[in-house]
Amino acid sequence: MVTNEFTRESRLLTPSQFQSVFSNPSRFGSSHFTILITQSNDDNNRLGLAIAKKRVKLAVQRNRIKRLVRESFRLNQHQLPHIEMVVMVKSGIDELDNQQINKQLEKIWRKIIQRHKK
RNA sequence: CGAGUUGACCAGACAAUCGCUGCCUGAUUCAUUUUUAAUGUUUUCAGGGGGAGGAAAGUCCGGGCUCCAAAGAGCAGGGUGCCAGAUAACGUCUGGGGGGCGAAAGCCUACGACAAGUGCAGCAGAGAGAAGACCGCCGAUGGCUAGUUCACUAGUACAGGUAAGGGUGAAAGGGUGCGGUAAGAGCGCACCGGGCCGCUGGCAACAGUUGGCAGCAGGGUAAACUCCACCCGGAGCAAGACCAAAUAGGGUUUCAUAUGGCGUGGCUCGCGUUGAAACCGGGUAGGUUGCUUGAGCCUUAGAGUGAUUUAAGGCCUAGACGAAUGAUUGUCCACGACAGAACCCGGCUUAUCGGUCAACUCACCAA
RNA sequence: GUCCUCAUAGUUUAACCGGAUAAAACUGCGGCCUCCUAAGCCGCUGCUCCAGGUUCGAGUCCUGGUGGGGACG
């Protein structure tokens, strides 16, 4: 049975968890995203978000981006391998609309899946 | 109906699918206790109902709350500034007064005191403060020159007089008119304006005055120092409290007593704390709590011009913590602005697509 | 989230107690000199972050805003 839930177990919660990703990452990117991933220790995928105030000024826009990333991750998580990832953004992303952001994310997921099969 | 003013309210709607969060109910799992059963910082599932704003923002004021001593005395420092009231409090609000703008409704207003003292005003200008003679006017009086009717007249502009006029400047020591004079001048008078004293109205700010007094007055600047009146202790939920890994900072008793060091705004006082020995146990990472029922909202009635307040009845309306309200699709319309709670309230300020309602003013038309 | 600070040529600093032309160095551009470059010399470049207010007068004083920098678990 496949559910599209997004619980606390699918997130990075503590600073130490974030550190483990930052210490040994492989990078993926697009024009407005940078994604760091490492192999997960158990069966869960974990997502962490790092959206700097410097990159996106307004709180409304930051929230919007976080929601879109989570939503996309939620819908695609079962296709991904068991990894821990941190999503970072580049400046200018707040000028994109929802459809453009979703397209970019889907591209990245495909890249990650392909890379992992090799 | 047109132009405008003020106040209040709303902040796309509906449906389907997939998700997030904590609350309630029921079931389930686990743990503990004395078996039936109860409890819960346990696990999972189902159902129900709730889930960002008018500014949540800037952090500009004011409170609550918490710790520092229970927040205390003095100095320093800061704030406010017409009057009265409202309030928990305010730099906010309400009403009133003065001043300004507008045809009106109405709007704006840091608006105490330069007659307590000190300071400032470049350049220009003669002079910038109880002033001043550059041009001008006069030259009565005194001087000089001339005349002769010799106790006078004319001229000169030397002494000097003069604040009317010109000119300088942001600003030049009441205004207009008449009299007056050598020319002038509140020098005198009339009116206007202002001052002091009184009276009347008002709680007061202030207003009025057909009353009296003195010709009239030292202008501006206090968002210059200052004076006067009133107010303010400091930090902040990363405050603080509790449970507690690693590591090694503490409490009690006795002794000691520098008036030092540290803790609290800047200082002084004051207060707390300290150094040694013995005994006993303590608390960073992390977690829990503080955390939402509150100066709360709605309705009705009373008091008040109003801000507001009193009473009765009803309601519970976000509490997250790597941070919840979303995404996709469809339909409709006026095609959706500014923008996201983080301890909580009262304000102010700033950003903002539009829409609805009420009251009032002016103009036009009709009666 | 809370608490502090700063803003002047392209950059780094000045400008007294508010007083009229906002000063200096480096850089940039144009010119002179030189066969060319460097050096040297001359000239140019400003809404004092923005908007109001106080004052006769504001870079300076007051109020509101904008933008940057920093500290605290």
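All figures in this text were calculated on a predicted structure; none of them were measured in a lab.

Details of the protein's contact with RNA strand B
Close to RNA strand B lie 21 residues, the nearest being Arg11, Leu12, Asn63, Arg70 and Arg74. Within 4 Å of the protein, the atoms of RNA strand B are drawn from sugar and phosphate moieties in a proportion of 70%. The side chain of Arg67 places a nitrogen or oxygen atom 2.9 Å from a base oxygen of RNA strand B. Side-chain polar atom of Arg74 to a sugar or linking oxygen of RNA strand B: 2.9 Å apart, as the coordinates give it. Elements with a minimum of two residues in the surface near RNA strand B: helix H1 (15-23), helix H2 (59-76) and helix H3 (98-117). The element that contributes the greatest number of residues to the surface near RNA strand B is H2, accounting for 8 residues.

A short note on the side chain of Gln61
Looking at where Gln61 falls in the secondary structure, it is placed in helix H2. On the basis of relative accessibility, which here comes to 19%, the residue Gln61 falls in the buried class. Within the structure, the side chain of Gln61 is placed 2.9 Å from the side chain of Arg64, a separation counted as a polar contact. If we skip the residues at most four places from it in the chain, Gln61 touches Val56 and Asp94.

So, the pattern of salt bridges
On inspection of all chains with the given rule, the structure shows 1 salt bridge. Here Glu71 makes a salt bridge to Arg74, at a shortest N to O gap of 2.6 Å. With Glu71 and Arg74 both in helix H2, this residue pair falls 3 residues apart, about one helical turn.

Comments concerning the nonpolar core
Among the nonpolar cores identified, the biggest contains 25 residues, and Phe33 and Met85 are the most heavily contacted of them. At the level of elements, strand E2 (33-39), H2, strand E4 (83-89) and H3 are the ones that each hand at least two residues to this core. Per-element accounting of this core gives the leading share, 6 residues, to H3. With near-sequence residues (within four places) excluded, Met85 lies in contact with Leu12, Ile35, Leu36, Ile37, Arg46, Leu47, Gly48, Phe73 and Trp109. Membership of the second largest hydrophobic core comes to 5 residues, among which are Phe18, Val21, Leu36 and Val86.

Parameters at a glance
- Residues numbered from 1 in each chain as written.
- Chains lettered and ligands numbered in written order.
- Predicted model: local features only at pLDDT ≥ 70, side-chain atom pairs only at ≥ 80, totals over all residues.
- Heavy atoms only, no water.
- Near = heavy atom within 4 Å.
- Polar contact = N/O pair within 3.5 Å; in protein donor to acceptor, adjacent residues only side chain to side chain.
- Helix = DSSP H or I, 4+ residues; strand = E, 2+ residues; numbered from the N terminus.
- Buried < 20%, exposed > 50% of the residue type's maximum accessible area, 1.4 Å probe, protein only.
- Contact = heavy atoms within 4.5 Å.
- Salt bridge = Lys/Arg side-chain N within 4 Å of Asp/Glu carboxyl O.
- Core = buried A, V, L, I, M, F, W, Y, C linked by side-chain atoms within 4.5 Å.

As far as function goes, none of this settles anything; it's purely spatial.
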